[in-house]
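Breakdown of the fold
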Amino acid sequence: MEDGAREVERWEGYVDWRNRPATRGRHGGMLAASFVLVVEVLENLAFLANASNLVTYLMGFMHYSPAQSATAVTNFMGTAFLLALLGGFLSDAFFTTYTIYLVSAFVEFMGLVILTIQARTPSLMPPQCTKPAVCEPVSGAKKAMLFAGLYLTALGVGGIKGSLPSHGAEQFDEHHPRGRKGRSTFFNYYVFCLSCGALIAVTFAVWVEDNKGWQWGFGISTIAILLSIPVFAAGSRLYRNKVPTGSPLTTIAKVLLAAALARRGGAQSVSNGAVIDRAPSPTGSSELKEEDYCKPGEVGAAAADDEVTEPSQELAFLNRAAECQPRCARLACTVQEVEDVKIVLLVLPIFFSTIMLNCCLAQLSTFSVEQAATMDTRVGTLTVPPASLPVFPVTFIILLAPLYDHVIVPFARRATGTEMGITHLQRIGTGLVLSIVAMAVAAVVEVKRKNVAADNGMLDSAKPLPITFFWIAFQYLFLGSADLFTLAGLLEFFFSEAPSRMRSLATALSWASLALGYYLSSVLVTIVNSATGRGGHRPWLHGASLNHYHLERFYWVMCVLSTLNYLFFLFWAIRYKYRNAGNIKG
């Protein structure tokens, strides 16, 4: 009797930090997740304190050209976000998210130590410029040291991004309404804490770098990530850590290969009544009966209580993978594995639809900064540095996130009578609409900026234009709002919809979308210049100064592409059936 009671108290599939079974009432919950939120403030401060102003460091101290600096920063940030996929994969396949975070934080700390040592040691820097126009860029061992520090930092950042959000979300019981609501609150405050770290980075840290020296700037990042380790470890006794279940990529590859090699006339779609959480589909006939599909025990795995025993009709061609007599015994798949792979394939169109949004967000750190740099950036007696302009969207997110969680969501729950109030896809869709508005606003503001330059005869002047940079704040606010709705919605969507054995990897797709958005931005600039520069015409994004660019036309192109992207999103979102439909409808 006592053994049965202990079994009920355990979190199935979870262990504590000492690898002992995690128990209810002792492990998990909002208190455990709160340590993750504090860590996110420190982690994002460490990352953005450098990334937001890194182009200045590379140009001013490593003597790179503006183009080389921009490329190096884009590659660094893109690599860091793409490596989140590696962190997520390792968390799902071999290690716990707890272990991956600690290792990744140490790796990032080592990278920042290298950058700090180089910044404070003149002999490790390139020689100073002999003349204003004669500067020798960093090379040889000094260049190797720079990029070793940068990419060790990127590796650590990727591991953290791929493990920390899912580690916090795993602290909540998804089988209970209170747990699901708590998880939704966690993701909202995760974005809130991410923004708090960013606010400190783009204000205090940037000021230190510009006025006290980069050794102090890197030092702030180093101290921040070092402090995050004991803060994270302080919650060890409260965490419940999901037990890794093997490589999710192996499962995906096995199902796809088994379906491709399966005999013709094999398993076809059957009634999907077994998939109780997905929306109902018409019941159809089947050439194979339930007993013709592999059960978990028949491929060497124990059956769980909630294992699916019949495949759904969605992506029915994959059902052939669940035959119990495959051509190769190693390709034997359970119906549950087939359904898991279907879920992954069904969320990919949503993932692709967010890349364009992140391409718009990339403009905040490129052209929007250059626009503001030509304007009057004074606020009273204070001159705001261009690298601190992200303070607008960051501040707005900090103000909006608590309002959204404590006012908007409760109101939506009462109005709709559902548990969620606003679904994940509705949040993502709202963010995509706001990105369209932001690009239209950016185009209108650029027309006004250029008109001021022309009216005052300052098209070729390097002096600040007589127009306040607060006009740029409008596009920052719209894109900041879009980021809040989309990032929090996307993180929770991928986490809640993905199979439990693939959650960290699926959540990391949110960061991969950000990386691909940065890369797409660079590609679009190249394509636009190539297309508009034909026939002897001057490319839109080329000229002696930004005043000679046709940046407003580029923004309109972004607006049109974002609109088409939204239609693509709508096509798939309307057809998407939530895996936990019962929970959504509540």
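The preceding data block contains the structure.
My aim in this report is to walk through the structure given alongside it, one point at a time. (Residues numbered from 1 in each chain as written. Predicted model: local features only at pLDDT ≥ 70, side-chain atom pairs only at ≥ 80, totals over all residues. Heavy atoms only, no water.)

1. Quick look at the overall build of the protein
Tallying secondary structure elements over the protein gives 19 helices and five strands in all. Taken over 586 residues, the protein has a buried fraction of 53%. Across the protein, the fraction of contacts at a sequence separation of at least 24, relative to all contacts at a separation of at least 6, is 81%. On the protein, roughly 25,600 Å² of surface is accessible, and the fraction owed to carbon and sulfur atoms is 64%. (Helix = DSSP H or I, 4+ residues; strand = E, 2+ residues; numbered from the N terminus. Buried < 20%, exposed > 50% of the residue type's maximum accessible area, 1.4 Å probe, protein only. Contact = heavy atoms within 4.5 Å. Areas by Shrake-Rupley, 256 points an atom, 1.4 Å probe, with all protein chains shown as cover.)

2. Points about the pattern of salt bridges
Taken as a whole, this structure holds 12 salt bridges when the rule is applied. A salt bridge links Glu337 to Lys254; its shortest N-O distance comes to 3.3 Å. You can see Glu337 sitting in helix H11 (residues 335-353) and its partner Lys254 sitting in helix H10 (residues 248-261), a full 83 residues away along the chain. Take Glu337 and Lys254: they sit in the same class, and that class is buried. Here Arg449 and Glu446 are joined by a salt bridge, their closest N and O atoms 2.9 Å apart. Here the residue Arg449 and the residue Glu446 both occupy positions in helix H15 (residues 424-455), the gap between them amounting to three residues, near one helical turn. Residue class for Arg449 comes out buried when judged on its relative accessible area of 0%. (Salt bridge = Lys/Arg side-chain N within 4 Å of Asp/Glu carboxyl O.)

3. Observations concerning the side chain of Ser510
With respect to the element layout, Ser510 can be found in helix H17 (residues 503-532). Non-local contacts of Ser510, meaning those with residues more than four positions away in its chain, are made with Leu487, Leu490, Leu491 and Phe494.

4. As for the nonpolar core
Among the nonpolar cores identified, the biggest contains 100 residues, and Phe47, Tyr57, Leu58, Phe186, Leu425, Phe493 and Trp511 are the most heavily contacted of them. The element contributing the most residues to this core is helix H2 (residues 30-51), with 12 residues. Sequence-distant contacts of Tyr57, defined by excluding residues within four places in its chain, comprise Met62, Ala119, Met125, Leu146, Trp214 and Phe218. (Core = buried A, V, L, I, M, F, W, Y, C linked by side-chain atoms within 4.5 Å.)

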